[in-house]
Amino acid sequence: MGGRGRRNVRRRRAEHRGAPGAPRPESSGRFPRAPGGSPARRLGLVAVSGLLAYFFLAVGVQFGGHEVRALGAAYGWSGEAGRVTVTHEAQVRREVRCYGTFDPGDGPAREGVWFHSSHGCAPGRVVGARLVDGEETWVSTTLEDRAYEVGAPGGVFGSVLLLLVIGLLCFGLGGLFGLGAAAVGGGLALEAVRRLRGGQSK
């Protein structure tokens, strides 16, 4: 009976050690694997997230800067001052745009400038305006030179709306990818420090 009782005690102890939720002893000198896969895989994730963060933030800064300059020209505190002679209207995708020739007064005139005015697009009109040079970005609306009539700019609401939408999208995604890269990279660095300290303590 005594031998049978000892066998039952040993069996219950073995079942307790294998039960779900029961603490299991860890071997000394080893660390549990962090979630997210191998270090190489996590390094790749950091690199991809970092590149995506840089891309979205760069697009947001470049496009946002251009649109802010355009809004400044619309209200008279940025852009090159001059005069625009309205020449024609043109259908561009789903909108009708007004175009004219911009004359800075002290340099060569620039033709085919996208003209923004709240007073219509009658050919032959000559009005004071401010010019914003076009530049290549990931958003096609920044490619054309734009001029805004002084005191009566048009298209300001659309520029503000586009600035908010693109800005929130780019800076939001860039911030998320940046935080992800920082979190995974910080975890890798912390794990490396722990392993180094564990190796030195042996």
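Residues numbered from 1 in each chain as written. Predicted model: local features only at pLDDT ≥ 70, side-chain atom pairs only at ≥ 80, totals over all residues. Heavy atoms only, no water.

A. Expanded view of the overall build of the chain. Counting secondary structure elements, the chain contains three helices and five strands. From first element to last, N terminus to C terminus, the chain shows the α and β order α-α-β-β-β-β-β-α. Relative to its 202 residues, the chain shows a buried fraction of 30%. (Helix = DSSP H or I, 4+ residues; strand = E, 2+ residues; numbered from the N terminus. Buried < 20%, exposed > 50% of the residue type's maximum accessible area, 1.4 Å probe, protein only.)

B. Just the environment of G76, in detail. For G76, the location among the structural elements is in the loop between α2 (39–74) and β1 (80–92). Here G76 falls in the partly exposed class, since its relative accessible area comes to 31%. Placed 72 residues apart in sequence, G76 and Y148 show a C-alpha to C-alpha distance of 8.8 Å.

C. How the structure looks around the pairing of strand β3 (residues 110–116). For strand β2 (residues 95–103) and β3, the ladder comprises four bridges, and the chain directions are antiparallel. Bridging across to β3, Y99 finds its partner in W114. Connecting β2 to the next strand, β3, in antiparallel fashion are six residues, including G105 with a positive phi near 90°. Judged from the three bridges that link them, β3 and strand β5 (residues 146–149) form a sheet pairing that is parallel. Residue pairing for β5: W114 is matched across the bridge by R146. (Pairing = 2+ DSSP bridges.)

D. How the structure looks around the environment of A70. One can find A70 in helix α2. The sequence separation of A70 and S159 amounts to 89 residues, and the corresponding C-alpha distance is 8.2 Å. Non-local contacts of A70, meaning those with residues more than four positions away in its chain, are made with V132, R146 and Y148. (Contact = heavy atoms within 4.5 Å.)

E. Expanded view of a nonpolar patch on the surface. A cluster of nonpolar side chains, L57, V61 and F171, forms an exposed patch at the surface whose accessible area comes to about 250 Å². Inspection of the secondary structure assignment puts L57 in helix α2. The class for L57 is partly exposed, based on a relative accessible area of 33%. (Patch = residues over 30% accessible without salt bridge, like charges linked within 9 Å, V, L, I, M, F, W, Y side chains within 5 Å. Areas by Shrake-Rupley, 256 points an atom, 1.4 Å probe, with all protein chains shown as cover. Salt bridge = Lys/Arg side-chain N within 4 Å of Asp/Glu carboxyl O.)

F. Inspection of the nonpolar core at higher detail. By size, the foremost hydrophobic cluster in this structure holds 11 residues: V84, V86, C98, F102, V113, F115, C121, V127, A129, L131 and A147. With three residues, the single largest contributor to this core is strand β4 (residues 126–132). Other than its neighbours up to four places away in sequence, C98 contacts V86, H88, V113, W114, F115 and C121. Listed in part, the eight residues of the second largest apolar core include A70, L71, Y148 and L163. (Core = buried A, V, L, I, M, F, W, Y, C linked by side-chain atoms within 4.5 Å.)

G. Region of the structure containing the pairing of β5. Every second residue of β5 is oriented toward a common face, with R146 and Y148 on one face and A147 and E149 on the other, all of them buried. Bridging between β4 and β5 involves four bridges; their strand directions are antiparallel. When the sheet's bridge partners are listed, V132 is paired in β5 with R146.

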